[in-house]
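# Notes for the structure review
Each chain is listed here by its residues.
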Amino acid sequence: MRLFIALDLPWELREALLRLSGAGIPGARWVAAENLHLTLRFIGEAAGHVAEDIDLALSALRGRGFSLTLAGLGTFSKGGRSTALWVGVERNAALDHLQGKIETALQRAGLPAEKRRFTPHVTLARLDTVVAEAKLAAFVQAHNLFRAEPVRVEHFTLFSSRLGKEQSVYTAEAEYPLG
Ligand code: 3AM
């Protein structure tokens, strides 16, 4: 199955993100409330026994809860065009520390190292090739001072992802508490 590790977000935070989402950018496919998350590590396709090793490694990880504040907007682009619109995260040493621990645990479980730098974000919309770039830029500018209320993070989650009709369907396979 296709796996990734993420923070699922409390509903009040999803609602705040939904109030931001939904309109004004032709070519944007807005992420539905149930799919909003902060990816800590993309894993990809993993066989059953590998998934078990990952679960064991994550279960052994000892992390601490922390506070998380989403703030600011940004975009990812590839080949000169924008591909995703996201909400950023205020500088957070505890989040970076957790991500590092997860990376170490996965490598111990035999996975190859992630080469891309961790850029914490919550994707709000995926952008089609026809996205209206000027409208996108105006949206980012208009909402750039967005700052959500801080939330407590008390666990992280191993998700599986499968293709759905409109969007991917994410299923929480396991939750790992943070003490
Ligand atoms: O957290 P976001 O929504 O930015 O785009 C996918 C999503 O990112 C990303 O993993 C998250 C959960 O699906 N993703 C999908 N394929 C990927 C890949 N091959 C990938 N990230 C890195 N490499």
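The notes below deal with the structure included here. Just so it is clear, the model here is predicted, and its values are computed rather than measured.

### Description of the pattern of salt bridges
In total, this model carries four salt bridges according to the counting rule given. A salt bridge links Asp128 to Arg29; the nearest nitrogen and oxygen atoms lie 2.7 Å apart. Of this pair, Asp128 sits in the loop between β7 (121-127) and α4 (133-142) while Arg29 is found in strand β2 (residues 28-30), placing the two residues 99 residues apart along the sequence. Using a relative accessible area of 46% as the deciding quantity, one classes Arg29 as partly exposed. The salt bridge partner of Arg152 is Glu154, with a shortest N-O separation of 3.7 Å. Classification of Glu154 by relative accessible area gives partly exposed; the value is 41%.

### Considerations on the sheet that holds β7
Here we have four strands laid out as an open sheet, ordered β2-β7-β6-β5, and antiparallel in their pairing. Each edge of the sheet is formed by a strand with only one pairing partner; in this case those strands are β2 and β5 (70-78). Across this sheet, the average inter-strand angle for adjacent strands is 30°, counted without regard to direction. Note: β5 against strand β6 (residues 81-89), seven bridges, orientation antiparallel. Note that in β6 the partner of Gly74 across the bridge is Trp86.

### Quick notes on the site of the ligand
Looking at the ligand, the residues that line it are Arg2, Phe4, His37, Thr39, Phe42, Arg116, His121, Thr123, Arg126 and Tyr170. The contact in question runs from a nitrogen atom of the ligand to an N or O atom on the side chain of Arg2, over 3.2 Å. One nitrogen or oxygen atom from the side chain of Arg126 is found 3.1 Å from an oxygen atom belonging to the ligand. Here the ligand loses 68% of its free accessible area of 490 Å² to cover by the protein chains.

### Some words on helix α1 (residues 11-20)
All of the buried residues in α1 are Leu13, Arg14, Ala16, Leu17 and Leu20. Down the axis, α1 shows its buried residues gathered within 160° of arc, on one side only. Opposite the buried face of α1, at more than 90 degrees from it, the exposed residues are Glu12 and Arg19. Looking at the buried positions of α1, the neighbouring elements they touch are β1 (2-8), β5, β6, β7, α4 and β8 (151-153). Positioned one or two residues after α1, Gly22 has a phi angle of 110°, which is positive.

### Brief notes about the sheet that holds β1
A sheet is described by the order of its strands in space; here four strands give the open sequence β3-β1-β9-β10, paired in antiparallel fashion. Strands with a single pairing partner mark the edges of an open sheet, and in this sheet they are β3 (37-45) and β10 (169-177). Averaged over neighbouring strand pairs, the angle between their axes works out to 25° when direction is ignored. Relative to strand β9 (residues 155-162), β1 is paired through five bridges, and the arrangement is antiparallel. Opposite Arg2, over in β9, you have Ser161 as the bridge partner. Strands in contact with helix α2 (residues 48-60) are β1, β3, β9 and β10; relative to β10, the strand with the most contacts, it is inclined by about 40°.

### Comments concerning the environment of Ser67
Tracing the backbone shows Ser67 in strand β4 (residues 66-68). Take Ser67: its relative accessible area is 37%, and that puts it in the partly exposed class. Sequence separation between Ser67 and Asn92 is 25 residues; the distance between their C-alpha atoms is 8.4 Å. With residues near it in sequence (within four places) discarded, Ser67 still touches Asn92, Pro150, Val151 and Arg152.

### Examining the environment of Asn35
Looking at the element boundaries, Asn35 is found in the loop between β2 and β3. Sequence-wise, Asn35 and Ala47 are 12 residues apart; in three dimensions their C-alpha atoms are separated by 23 Å. Ignoring sequence-local partners within four residues, the contact set of Asn35 consists of Arg14, Gln167, Ser168 and Tyr170.

Quick notes on the rules
- Residues numbered from 1 in each chain as written.
- Predicted model: local features only at pLDDT ≥ 70, side-chain atom pairs only at ≥ 80, totals over all residues.
- Heavy atoms only, no water.
- Salt bridge = Lys/Arg side-chain N within 4 Å of Asp/Glu carboxyl O.
- Helix = DSSP H or I, 4+ residues; strand = E, 2+ residues; numbered from the N terminus.
- Buried < 20%, exposed > 50% of the residue type's maximum accessible area, 1.4 Å probe, protein only.
- Pairing = 2+ DSSP bridges.
- Axes fitted to C-alpha atoms, helices over the stretch in contact; angles between N-to-C directions.
- Near = heavy atom within 4 Å.
- Polar contact = N/O pair within 3.5 Å; in protein donor to acceptor, adjacent residues only side chain to side chain.
- Areas by Shrake-Rupley, 256 points an atom, 1.4 Å probe, with all protein chains shown as cover.
- Arc of directions from axis to C-beta.
- Contact = heavy atoms within 4.5 Å.

The analysis is restricted to geometry; functional conclusions fall outside its scope.
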